[in-house]
Amino acid sequence: MRTQVAIIGSGPSGLLLGQLLATIGVETVILERSSREHVLGRVRAGVLEQGTVDLLGEAGAADRLHAEGLPHAGISLAFDGRLHRIDLTALTGGKHVTVYGQTEVTHDLMDKREAAGLVTVYEAANVALHDFDGTAPFVTYDKDGVGHRIDCDFIAGCDGYHGVSRRSEGALKTFERTYPFGWLGVLAEVPPADHELVYANHERGFALCSMRSPHRSRYYVQCPADERVEAWSDDRFWDELRRRLPPQTAAAVTTGPSFEKSIAPLRSFVAEPMRFGKLFLVGDAAHIVPPTGAKGLNLAASDVRYLFAGLREFYRERSQAGLDAYSAKALARVWKAVRFSWWMTTILHRFPETGEFGQRIQEAELDYLVHSKAASTALAENYVGLPY
Ligand code: APR
Ligand code: PHB
């Protein structure tokens, strides 16, 4: 088989890139290790920057997002027993974020790809990347025990943190920070405690009130890194969540049976560069941020935006300039989001090792943050998304 761009991974990065390339008539094949159902079964974050919404629109995959996404003009930080609202819209000259689950984004993109008759090979085993340093790259994989080969112009490594693309290149420099805790998350068919997101700093640990819709809530509590999800009954989760929220917010929590409960580790990770010859790393394949800033999916989208622009320039004008600039442009934005996510994590969580000094510094920072317009503006500007 031959295609123009072989895309590894059918997460948001691979699907969005494939859809954008389809709008300019560039052919793609997506190779995905798992099944469609497995990809759609993963629950992930749900806050979209305006730039991400716009790019999904450009890809023709934003109809349901526009109908069902919830525009949010602010978030609240909770500490000292009360809520402190950050007015994102007022502080950024009119911008907002949109709450819409990543699972739904993936669903919409998959539907669009299927409707257009574009090829995705699910359950593609042993995907391997070849000769991307030369002029004739190709990808091999097994499907139902039979070996296949796809020749292509370029390979887009959109296969997430555990994918094969990053591991195919030895000359990477990686940067990593792990955090000494995880997030225990719960999805429940109950109305959210607040109409906006609440990020809580509490002596028992961080908590987050989020949502997927007016009748579906997503909550998280900070937990030890080695915690077992089986140790958390729904009752234990709801009790712990409410203890970490200001009284008014705790009283507004509607409890109910959870239908998803999982623990995610927190990590910051960046691999440089993001391009090796004809191979481009995109999204989680190249970088991971802790979820505190809600940047994971938005960074994947900004990588796609830069790579799409480079590929469009190549196919329309035979110019390599955009492709040559991809890694540096993407990384400049990635590092700013890595910094923001690390900072949000640092000010909101309990760190077992920082002691009372660290604690007082955190209190001073939060107090400064909500009382200084300059500091609140810096948060708001990053939260709604920095320019491209
Ligand atoms: N071969 C083929 N596909 C693979 C392989 C492989 N060896 N390894 C992984 N994959 C697939 C995974 O099964 C997954 O469906 O690649 C896809 C990668 O998708 P994501 O992990 O969702 O990564 P990405 O598309 O970059 O999306 C980034 O996802 O993890 C969140 O917070 C993150 O929101 C961000 C978004
Ligand atoms: C979520 O809704 O899952 C969510 C929202 C905001 C975050 C992280 C996760 O910062």
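What counts and what doesn't
Residues numbered from 1 in each chain as written. Chains lettered and ligands numbered in written order. Predicted model: local features only at pLDDT ≥ 70, side-chain atom pairs only at ≥ 80, totals over all residues. Heavy atoms only, no water. 1 Å grid on protein atoms, 1.4 Å probe; cavity = no way out; pocket = protein on both sides within 12 Å on 5 of 7 lines; lining within 4 Å. Points joined across faces, edges and corners; volume = space filled by probe spheres on them. Helix = DSSP H or I, 4+ residues; strand = E, 2+ residues; numbered from the N terminus. Pairing = 2+ DSSP bridges. Axes fitted to C-alpha atoms, helices over the stretch in contact; angles between N-to-C directions.

K.L.:
Can you walk me through the layout of surface pockets in this structure?
P.N.:
Taking a probe equal in size to a water molecule and rolling it over the atoms shows the remaining empty space. Of the voids in this model, the second largest pocket is the one considered here, and its volume is about 340 Å³. In terms of lining residues, the second largest pocket is bounded by 18 residues, among which Thr103, Glu104, Leu187, Arg212 and Arg216 are the most central. For the lining of the second largest pocket, the secondary-structure elements that each account for two or more residues are α2 (36-41), α4 (63-68), α6 (102-115), β15 (207-213) and β17 (258-272).

K.L.:
Looking at this structure, I do not really get the sheet that holds strand β11 (residues 146-151). What am I missing?
P.N.:
Adjacent strands of a sheet pair through backbone hydrogen bonds, lying either parallel or antiparallel. Pairing is antiparallel in the open sheet, where 3 strands are placed in the order β9-β10-β11. Only two strands of the sheet have a single neighbouring strand rather than two, namely β9 (125-130) and β11. Between one strand and the next, the sheet's axes are offset by a mean angle of 15°, whatever the strand orientation. Pairing geometry for β9 and strand β10 (residues 138-143), over 4 bridges, is antiparallel. In the sheet register, His130 faces β10, and the bridge partner there is Phe138.

K.L.:
Explanation requested: empty space enclosed by the protein in the structure shown.
P.N.:
In total, this model carries 3 cavities of 30 Å³ or more according to the counting rule given. The volume enclosed by the largest cavity comes to roughly 60 Å³. Taken together, Glu49, Lys295, Asn298, Leu299, Arg333, Lys336, Ala337, Phe340, Asn382, Gly385 and Leu386 make up the lining of the largest cavity. Of all the elements in the fold, those that place two or more residues in the lining of the largest cavity are α9 (296-317) and α10 (321-348).

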